Amino acid sequence: MNAMRILTQLLLTSLALLLLNTAAQAAGKTVYVHLLDGDDTRGDGSYSRPFKSWRTALRHVGSGDTIIAKNGDYRKAGRDAKWGGLDLVWTMSERVEDDPIHPVPKSARPDAVGIYRYDAARPLTIRSETRHGVILDHIRFHLASGIVVDGFDIFPNPYYTDSAGLKLNRRRNGIHGDSVYEPDDAYNRVHTNDPPGRYTPAWYDRSLWTSFITVRNCRVHYECPPGGCTAAYDPLQDDDRLYLIKFNQSHHITIEDCELFDGKNFQRKPAIDLPCCDDVIVRRNLIRNSHRGVVSKGGGRRVLIEANVFVDNSGAAFSGGSTDPNLFIDGRYGDPCSFVFYESYDMTARDNLVVSTRPGERPVEPVAIWAAQNAAIVNNTFIGIGERGVLLVRPGNEVDSPAKGCGRSLRLTLTNNLTITNNVFILSGVVDETMLYQIAGEGVKVVRFKHADNTFFNAGRDIPVGGLADPNHEPGFSKDDPKLAGGQGSDYASWMAAARLKNNSLSLGRGVRHIGKALR
């Protein structure tokens, strides 16, 4: 009996130690960094003795660990530290001693495998000490995987120049993620589906792409130009700005609980651009004073745009297009003609609030679709819509320039299975076009267009007829006042509260369903 009791105690002790060890591994370790007051030589990564550079901090962490950036304006670290920018861009071909080592697949070149790749189930977390307490110039991911960035204030400055006046900050996005293997001077200049010069299996291997990245609780907004944001400055003439967030050729990307603003630029780029991206969630973000809001394009698949607030943008967009057919990659190695047939596949936009508060900022394209297959626009609330109606369906890439040896046209003109249901549209009374559902572009076709149970309130005026379809005759049509709670918001929560329907609204069940808090 004593032997049995001792054996039982030993087993229980071993189990307890195993559980403790497992819990410790799950929790991971924490390393601190401070680009202004840290020390890479004498620091040990503790709170009182943080490292000075991102690179050194990254050498001391792995899957499940956390890097905490102590508060400060890291842009003051200057040009040598890329103004505090966080660049997760190193590949196996550039590996130096003490960097994390991962096995290189036999089929892949070392320059196609990123160093900063972590277990998606136990990602590396990089966060600010307090929310928005750390100011960075930018964040860039290249062939990175399994990373969460949390709480940074990202203030990209595309205006830095050297003594000769040449620009130093060429990648002008606040957050940029890509999986392009060619050097910068050949970026986006491929003439087939493949990198310059030859076919490579790595180009099509999605397991090597930038993936499983979460951007959470961040602010992203542009710096004023050197002359300041004066009354004479027009951001729509500023060709130095591009995107606030852009992921290209990436998958499993989540952008949530962020604030993006002042993203207007000369090229009319959206705040969030997602060419050739699969399995993306854009959720509970406040996006204001940008051009378009979120664009899925380039053959992107399974993009969910959910419970966001768009304020004073030129359009929410949701789906987009490109004039560059080289962006379209269908993933078949050895086939230079394997371009996609649609700009966007399986895109859903639901429970978003699109608001115009200024006459000059009426969303001209509240719902814009470029050659999409299976697009659903459901339970959204649009306030202050005007000028170009409600829905505009366009072609994909406008330029028909097929790769050499490819016979078929690369101009994408078909939208297949588009659903517009249970939305609330409050028109501004200024509808320059004569229809709310319309198409634009030569040869554009829409098949399987489902539209029903939408409310169109035009302050008692008639609803325009004609176009792709007449909303006056759709099932469940209503032009009654939806009776929103109303008011003007100052943040995400107050804007969402303004969109709530009163209990006596005839549009109950339509528009935003206020799922933001439930999803937190």
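Since this is a predicted model, take the numbers as computed values, not measurements.

(A) Structural view of the overall build of the chain. When its secondary structure is counted, the chain shows 5 helices and 33 strands. Residues counted as buried form 57% of the 520 residues belonging to the chain. Restricting the contact set of the chain to residue pairs at least 6 apart, pairs at least 24 apart contribute 70%. When the accessible surface of the chain is summed, it comes to about 21,800 Å², and 52% of that surface belongs to carbon and sulfur atoms.

(B) Up close: the sheet that holds strand β27 (residues 381–385). Taken in spatial order, the 11 strands of this open sheet run β3-β6-β9-β12-β15-β18-β21-β24-β27-β30-β33, and their pairing is parallel. Two strands close off the open sheet at either side, each with one partner strand: β3 (72–73) and β33 (455–457). Judged from the 3 bridges that link them, strand β18 (residues 286–288) and strand β21 (residues 309–311) form a sheet pairing that is parallel. The partner of I287 across the bridge, within β21, is F310.

(C) View of the packing of aromatic side chains. One pass over the full model with this rule turns up 12 aromatic pairs. Ring centres 5.2 Å apart and planes at 10° place the aromatic pair F425 and F456 in the stacked group. A residue pair is termed long-range when its members are at least 10 positions apart, and F425 in strand β30 (residues 424–427) and F456 in strand β33 qualify at 31 residues. The exposure class of F425 is buried, given its relative accessible area of 0%. In this structure F456 comes out as buried when scored by relative accessible area, which is 0%. Where Y437 meets F456, the ring centres are 6.2 Å apart and the plane angle is 75°; that geometry is what we call edge-to-face. You can see Y437 sitting in strand β31 (residues 437–439) and its partner F456 sitting in strand β33, a full 19 residues away along the chain.

(D) Region of interest: the state of the cysteines. What the rule picks out here adds up to 1 disulfide. Between the sulfur of C224 and that of C229 lies a disulfide, 2.1 Å long from S to S. For the disulfide bridge between C224 and C229, the dihedral angle about the S-S bond is near -115°, and by the sign convention the bridge is left-handed. Judged by its relative accessible area of 44%, C229 falls in the partly exposed class. With no disulfide of its own, C276 lies closest to C277 among cysteine sulfurs, the gap being 6.8 Å.

(E) Geometry of the side chain of N217. Among the secondary structure elements, N217 is positioned in the loop between β11 (210–216) and β12 (219–221). A relative accessible area of 16% places N217 in the buried class. One polar contact links N217 to R131, side chain to side chain, over a distance of 3.4 Å. In this structure, N217 is in contact with R131, H132, D150, G151, F152, E256, D257 and C258, ignoring residues within four places of it in sequence.

(F) Here's a closer look at the pattern of salt bridges. Inspection of the entire model under this criterion finds 22 salt bridges. D44 is paired through a salt bridge with R49; the nearest N and O atoms lie 3.5 Å apart. What makes D44 partly exposed here is its relative accessible area of 43%. E256 is the partner of R284 in a salt bridge, and the nearest nitrogen-oxygen pair spans 3.7 Å. Here E256 lies in strand β14 (residues 250–256) and R284 lies in the loop between β17 (277–283) and β18, a separation of 28 residues in the sequence.

How each quantity is defined
- Residues numbered from 1 in each chain as written.
- Predicted model: local features only at pLDDT ≥ 70, side-chain atom pairs only at ≥ 80, totals over all residues.
- Heavy atoms only, no water.
- Helix = DSSP H or I, 4+ residues; strand = E, 2+ residues; numbered from the N terminus.
- Buried < 20%, exposed > 50% of the residue type's maximum accessible area, 1.4 Å probe, protein only.
- Contact = heavy atoms within 4.5 Å.
- Areas by Shrake-Rupley, 256 points an atom, 1.4 Å probe, with all protein chains shown as cover.
- Pairing = 2+ DSSP bridges.
- Phe/Tyr/Trp six-rings, centres within 6.5 Å; stacked < 30°, edge-to-face > 60°.
- Disulfide = S-S within 2.5 Å.
- Polar contact = N/O pair within 3.5 Å; in protein donor to acceptor, adjacent residues only side chain to side chain.
- Salt bridge = Lys/Arg side-chain N within 4 Å of Asp/Glu carboxyl O.

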